[in-house]
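Report on the structure
Spelled out from the first residue to the last, the chains are:
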Amino acid sequence: MRSEPVVQVEGLVKRYGKKTSKTAVDGLRLVAQAGVTAVLGPNGAGKTTTVEICEGYRRPDSGTVRVLGLDPFREGPALRPRIGVMLQSGGVYSGARADEMLRHVARLHAHPLDVDALIERLGLGSCGRTTYRRLSGGQQQRLALAMAIVGRPELVFLDEPTAGLDPQARHATWDLVRDLRSDGVSVILTTHHMDEAETLADDVAIIDAGRVIVQGSPEELCRGGAENTLRFSGRPGLDCGSLLKALPADCTAAEMAPGSYRVTGKVDPQLLATVTTWCAQHGVMPEKISVERHTLEDVFLELTGKELRS
């Protein structure tokens, strides 16, 4: 596996407009190691501009960008055969048939994947002779994904690869991303599905206002803040002060609604045993005991104050 970063961005700045300049990317730093890196951010955060610069489609105003050790703008001819790019829209002749377009892209590469096997894997067999403009949104997405990976890239950029897909096709795409990773292909993934990032990514970078505001594994990011929460139901009006005395010093206990209780702190088997023992001592039959953790969406909303929506 590659030891140096597959993508390294330092001090990236990109502005648009001459009279009323808008800063889309503002001194951004991003390091993506081998594996799957998810790039998240609200609309207008700068993630699309950042990824397009990494792909070589836009020129940065300042900063350094290296993709597989190369400058994507100045060394594009050397880089392009080594990467795959999935565009969210466009990049396909509207009158071309699906299989015709995929075979054309395959012929541009020295050692492409088996086109027929890829068509079968992504469920494109039934629409192979349909023109691109007549494909459904989900079929267009799957074709764009196939075109991005058919050349056996070392690194692939996937822009919302499961947008518009039904659940079956979505999970098939997840399996394909996992297979890419197992085969040593690195992936830069932008997505609006938080469960997708949590499921697939080794590393997550959250971008807002043109900067990476936090980066780490999903486990690391979800570990912060109120690390764990235990909830249970019982009769209303339990003595939370008594419960609090039985808990470790860094815990809290409160009745959030009549008969609904929340305990926060480091939830482990010992804490769970303490709560159930206290309930038994006070003649309480706890119901609906659940242990909750911060999700990636919780972290995202806390950091940006915005929902992640397309």
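Located above this text is the structure these notes cover.
Quick caveat: nothing in here was measured; it's all calculated off a predicted structure.

Reading the values: rules and limits
Residues numbered from 1 in each chain as written. Predicted model: local features only at pLDDT ≥ 70, side-chain atom pairs only at ≥ 80, totals over all residues. Heavy atoms only, no water. Pairing = 2+ DSSP bridges. Helix = DSSP H or I, 4+ residues; strand = E, 2+ residues; numbered from the N terminus. Axes fitted to C-alpha atoms, helices over the stretch in contact; angles between N-to-C directions. Contact = heavy atoms within 4.5 Å. Patch = residues over 30% accessible without salt bridge, like charges linked within 9 Å, V, L, I, M, F, W, Y side chains within 5 Å. Areas by Shrake-Rupley, 256 points an atom, 1.4 Å probe, with all protein chains shown as cover. Salt bridge = Lys/Arg side-chain N within 4 Å of Asp/Glu carboxyl O. Lys, Arg positive; Asp, Glu negative; His and termini not counted. Charge placed at Lys NZ, Arg CZ, Asp CG, Glu CD.

**Considerations on the sheet that holds strand 9 (residues 211–216)**
The strands making up a sheet are joined through hydrogen bonds of the backbone, oriented either antiparallel or parallel. One open sheet accounts for 6 strands, arranged 5-6-7-3-8-9; its pairing is mixed. Strands with a single pairing partner mark the edges of an open sheet, and in this sheet they are strand 5 (83–86) and strand 9. Strand after strand, the sheet turns through a mean of 15° between neighbouring axes, direction not considered. By the bridge criterion, 5 bridges tie strand 6 (residues 155–159) to strand 7 (residues 186–190) in an arrangement that is parallel. Note on strand 7: the bridge partner recorded for Leu158 is Leu189. The strands touched by helix 5 (residues 137–149) are strand 5 and strand 6; relative to strand 5, the strand with the most contacts, the crossing angle is about 170°. Taken strand by strand, helix 11 (residues 296–304) contacts strand 3 (36–40), strand 8 (203–208) and strand 9, and its axis lies near 25° from that of strand 8.

**Focus: a negative patch on the surface**
Together, Glu198, Glu219, Glu220, Asp298 and Glu302 make up a region of like negative charge exposed at the surface. For the negative patch, the elements supplying multiple residues, two or more each, are helix 8 (218–223) and helix 11.

**Points about the pairing of strand 11 (residues 252–257)**
Here 5 bridges tie strand 11 to strand 12 (residues 260–265), and the two strands are oriented antiparallel to one another. Directly across from Ala253, in strand 12, lies its bridge partner Val263. Hairpin connection, strand 11 to strand 12: the antiparallel pair is bridged by 2 residues, and Gly259 has positive phi, about 85°.

That is the geometry; function is a separate question.
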